[in-house]
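A look at the structure
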Amino acid sequence: MNNMDRLEKILSRIAILIFGSIELVLTLLSICSTAFIDDIETTVFKRDNICLNILILVMVAAISAIVRFRCCGKDSRLQEKTSHIIFLTVAVTNIVLMTLWIMTTRLSPTLDQKSVLDIAAGMLKGDYSAWDAKGYMFYYPFQNGIVIYYYMLFKITGTTGYILPQLLNVVYYAISMYVLYKITCIVSRSQRIGRLSYYVMVIWVPLAMYTTFIYGTIPGFMFSVLSIMLFYYYIDKRKFIYAVMSILSMVVACILKSNYSISLIALLIFMVADFIHTKDKKSIVFVILTIIMLAAGTKGINKLTESITGKLTPDGIPKVAWAAMGLSNSNDLYGWWDGYNLFVYNKNDLDYGMAQKEAAGKVKGLVQTYAEAPVYGAKFFAKKAISIWCNPTFQGIQIQKSRLSDGHYPKIVESVLFDDGAGNKALYDILNLMQTVIYTGAFLWAVFNYKDAGLYSLTIPIIFIGGFLFHIVWEAKAQYTVTYFYMLIPYAVMGWNSCGKAISEKLKEVLNA
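Summarised in this report is the structure supplied together with it.

Rules used throughout
- Residues take numbers from 1 onward in each chain, read along the sequence in its written order.
- Local features in this predicted model are restricted to residues whose pLDDT is 70 or higher, and side-chain atom pairs enter the listing and the counts only when it is 80 or higher, whereas totals over whole chains, interfaces and linings include all residues.
- With hydrogens and water set aside, each side-chain value is computed from the structure's full complement of heavy atoms.
- Helical segments are the DSSP runs of H or I of at least four residues, strand segments are the runs of E of at least two, and each set is numbered from the N terminus.
- A radius of gyration in this sense is built from C-alpha atoms; the matching globule rule multiplies 2.2 Å by the number of residues raised to 0.38.
- Only protein chains enter the calculation, and the probe is 1.4 Å; a residue is then buried if its accessible area is under 20% of its type maximum, exposed if over 50%, and partly exposed in between.
- To estimate how far a helix should reach, multiply one less than its number of residues by 1.5 Å.
- Contacts were defined at the residue level, with two residues in contact if any of their heavy atoms lie within 4.5 Å.
- Counted as salt bridges are all cases of a side-chain nitrogen of Lys or Arg within 4 Å of a carboxyl oxygen of Asp or Glu.
- Whether two aromatic rings pair depends on their centres lying within 6.5 Å, for rings of Phe, Tyr and Trp, where Trp uses its six-membered ring; planes under 30 degrees apart make the pair stacked, over 60 edge-to-face, and the rest tilted.
- In our convention, an over-ring charge means Lys NZ or Arg CZ found within 6 Å of a ring centre and within 35 degrees of that ring's normal.
- Take the buried Ala, Val, Leu, Ile, Met, Phe, Trp, Tyr and Cys residues and link them wherever side-chain atoms come within 4.5 Å; each set so joined is a nonpolar core.
- Patch membership is restricted to residues that have no salt bridge and whose relative accessible area is over 30%. Joining uses 9 Å for like charges and 5 Å for the nonpolar side chains Val, Leu, Ile, Met, Phe, Trp and Tyr.
- Here the accessible surface of atoms and residues is derived via Shrake-Rupley with a 1.4 Å probe, and residues count as covered only by protein chains that are part of the display.
- N or O atoms within 3.5 Å of each other form a polar contact, as long as, within protein, one can give a hydrogen and the other can take it, and as long as residues adjacent in sequence are counted only when both atoms are side-chain atoms.
- Pairing between two strands requires that DSSP report at least two bridges joining them.
- Working convention: axes come from line fits to C-alpha atoms, limited for helices to the stretch in contact. Angles between N-to-C directions cover 0 to 180 degrees.
- Note on angle classes: values under 35 degrees are labelled roughly parallel, values over 145 roughly antiparallel, values of 65 to 115 roughly perpendicular, and the remainder oblique.
- Note: crossing handedness is left-handed where the near helix turns anticlockwise from the far helix by less than a right angle, and right-handed where it turns clockwise.
- Ten residues, namely Ala, Val, Leu, Ile, Met, Phe, Trp, Tyr, Cys and Pro, are considered nonpolar, four, namely Asp, Glu, Lys and Arg, are considered charged, and the remaining ones, Gly among them, are considered polar.

**Notes on the overall build of the chain**
Counting its regular elements, the chain contains 22 helices and 2 strands. The globule rule puts the C-alpha radius of gyration for 513 residues at 24 Å, and the 23 Å found for the chain is close to it. Its C-alpha atoms put the chain at 80 × 60 × 55 Å along the principal axes. In the chain, buried positions account for 53% of the 513 residues.

Pasting the structure below:
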């Protein structure tokens, strides 16, 4: 083993140790606690059923062991053609059900969604007032990307309704699922694990509920995971076209929703590591091109917006204001939105520099407070983590029931959406148990792969680490963390598969003794 191989092994183990530690913490929090959001985004904390959660984990471990014991080495029993038919049937059924949900609920946009759509529709009529002082885009110019996307969509299709964007979200989501399935096959080197992960993704419905959410979440997620898959293709085939396509996909994801910058940073880290390991100069070109294209893409969108509106892109609210809000516990909100970002900007007469200075001072003061009172600080961050990582639906229900429908709900829809419905309670309970199983499975993956995982299998775990650390500081919302959790599903499946294999091998040893 040369020095570079040793360095890769050390870095891989450090990354897995951090990832596994986070998953262990989230597993314990999920076993003991749960949370849900009321209609005004206030978190309600509840003690979870510890005994039931542990019993479910034991049952999943037993099932995993039985499946491995009975079916190990017998994947060929189910013909490949049959597997493809089942996979295709599930995929098509999933798309049909999501489409029916959108057409049945007909949930009109509200809050930021409505603002973005109304601004895009207004641009078609020559209304650019959103960029005036104290207008929505004056405060949030980082929304230029998603606004231009809907503006172009409306301009091409000649419609400004909300159903088309929701139906397009179904397409984006279906592609995301398939791409994540392909990534799983690459990482696990098993189509069986890939298909099983896909089926779990279908069952875990919170992200599917975001197809009704007209924002950058779903389209940005599709481009983000597509970029990861293309990155893997580049690593495998060393064809630079895959690197360029990966860069373009991730830049589009970041333009649609800036949170995907975390995934972009992770890819840059891996490309630097790849260059150190392989000395392939194309990897450094990848890094340089990514930086150039992201800057060009962001500037290009701003210039396009300016050419349409005739208004310069404003500075907007300083980003540090969101960190100040995320670290604050005003009114026991544990970092959720409390209006501080708007408050500090307006208080300083829309002066970016002064608002940034005041918000940065607040961040410094809060960090000092938590450092001087570590028990209080630990309680704050634990509660914040529970509110955004232990919400079983990740606001998937809340973002729908808080909106008005343009139609009349069938009884089954009412039962799912509203708190007093039997469907709502059943869905919440199932997702609560699934959440614990998924966190535990991801932790098991880290345990069983601590010594042997290659650096490139850590792309999604590194993204998860970045997302976890970022959102511990940033404004809290479970809707910000839902995609990170979704990407854990394949690792959870791989983890439980490894656990089942270990148990079945021990069982065989006992039976053969």
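**Observations regarding helix H12 (residues 261–278)**
The end-to-end C-alpha distance of H12 is 25 Å, a good match for the 26 Å that 18 residues give at a rise of 1.5 Å each. Among the residues of H12, Ile262, Ser263, Leu264, Ala266, Leu267, Leu268, Phe270, Met271, Ala273 and Asp274 are the ones counted as buried. Of the surrounding elements, those touching the buried residues of H12 are helix H10 (217–237), helix H11 (240–256), helix H13 (281–309), helix H21 (459–473) and helix H22 (478–512).

**Some details on the pattern of salt bridges**
Applying the stated criterion across every chain, the model contains 10 salt bridges. With its nearest N and O atoms 2.8 Å apart, the salt bridge here joins lysine 311 to aspartate 132. Of this pair, lysine 311 sits in the loop between H13 and helix H14 (320–326) while aspartate 132 is found in the loop between helix H4 (111–124) and helix H5 (136–139), placing the two residues 179 residues apart along the sequence. Given the relative accessible area of 26%, lysine 311 is considered partly exposed. Since its relative accessible area comes to 33%, aspartate 132 is described here as partly exposed. If you follow the salt bridges from partner to partner, you end up with Arg238, Asp274, Asp280 and Lys282 in one network.

**Observations concerning the side chain of serine 387**
The topology assignment puts serine 387 in helix H17 (residues 374–389). What serine 387 contacts, discounting residues up to four positions off in sequence, is Ala35, Thr43, Phe45, Trp336 and Ala478.

**Let's talk about the packing of aromatic side chains**
By the definition in use, this model includes 45 aromatic pairs. With 6.0 Å between their ring centres and 80° between their planes, phenylalanine 19 and tryptophan 445 make a pair best called edge-to-face. One end of the pair, phenylalanine 19, is in helix H1 (residues 3–32); the other, tryptophan 445, is in helix H20 (residues 422–448), with 426 residues separating them in the sequence. What makes tryptophan 445 buried here is its relative accessible area of 3%. The interplanar angle of 40° and the centroid separation of 4.7 Å between the aromatic rings of phenylalanine 87 and tyrosine 181 together place this pair among those described as tilted. One end of the pair, phenylalanine 87, is in helix H3 (residues 80–105); the other, tyrosine 181, is in helix H7 (residues 163–188), with 94 residues separating them in the sequence. The class for phenylalanine 87 is buried, based on a relative accessible area of 10%. Owing to a relative accessible area of 6%, tyrosine 181 belongs among the buried residues under this scheme. Linked through ring pairs, Tyr136, Phe138, Tyr139, Tyr140, Phe142, Trp322, Tyr345, Phe470 and Trp474 together constitute an aromatic cluster. Lying across the ring of tyrosine 340, lysine 362 places its NZ or CZ 3.9 Å from the centre. One Lys or Arg, lysine 383, reaches over the ring of phenylalanine 45 and ends 4.3 Å from the middle of that ring.

**A word on the environment of tyrosine 199**
Inspection of the secondary structure puts tyrosine 199 in helix H8 (residues 191–203). Note on tyrosine 199: relative accessible area 23%, which makes it partly exposed. A C-alpha to C-alpha distance of 37 Å links tyrosine 199 and lysine 155, two positions 44 residues apart in sequence.

**A short note on the nonpolar core**
Counting residues in hydrophobic clusters, the biggest one holds 152 residues, and the most contacted among them are Tyr150, Ile183, Trp204, Trp389 and Tyr486. Among the elements that take part in this core, H22 stands out by supplying 13 residues, more than any other. Setting aside chain neighbours within four positions, we find isoleucine 183 in contact with Val225, Ile228, Met229, Tyr232 and Ile460. Ile56, Leu57, Val60 and Val437 belong to the second-largest nonpolar core, a separate cluster that totals 9 residues.

**Considering a nonpolar patch on the surface**
There is a patch of nonpolar side chains on the surface, built from Leu7, Ile10, Leu11, Ile14, Ile18, Val272 and Ile276 and spanning about 550 Å² of accessible area. Here leucine 11 shows up in helix H1. For leucine 11, a relative accessible area of 40% translates into the label partly exposed.

**Re unusual backbone geometry**
The backbone of lysine 279 sits at a positive phi, close to 65°, despite the residue not being glycine. Mapped onto the elements of the fold, lysine 279 is located in the loop between H12 and H13. We note that phenylalanine 394 has phi near 45°; this positive angle belongs to a residue other than glycine. Looking at where phenylalanine 394 falls in the secondary structure, it is placed in the loop between H17 and helix H18 (398–401). Assessed through its relative accessible area of 0%, phenylalanine 394 is described here as buried.

**Some points on the side chain of threonine 436**
As for its position among the elements, threonine 436 is in helix H20. In this structure threonine 436 comes out as buried when scored by relative accessible area, which is 1%. Reaching out from threonine 436, the side chain makes a polar contact with the side chain of serine 30 at a distance of 2.7 Å. For threonine 436, the contacting residues outside a window of four places in its chain are Ser30, Ile31, Asn53 and Leu57.

**Here's the deal with the pairing of strand E1 (residues 33–37)**
Most of E1 sits inside the fold, with 4 of its 5 residues counted as buried. Bridge count between E1 and strand E2 (residues 43–47): 5 bridges; the pairing is antiparallel. Within the sheet, the bridge partner assigned to threonine 34 lies in E2 and is lysine 46.

**A few points about the packing of H10 against H22**
Packing of H10 against H22 brings their axes to within 11 Å, and their N-to-C directions diverge by 40°. By the angle between their axes, H10 is oblique relative to H22. Between H10 and H22 the crossing geometry is right-handed. Contacts from Thr217, Phe221, Val225 and Ile228 of H10 reach H22 at Thr483, Tyr486 and Met487. Within the contact of H10 with H22, the residues separate by chemical class into 5 nonpolar, 2 polar and no charged.

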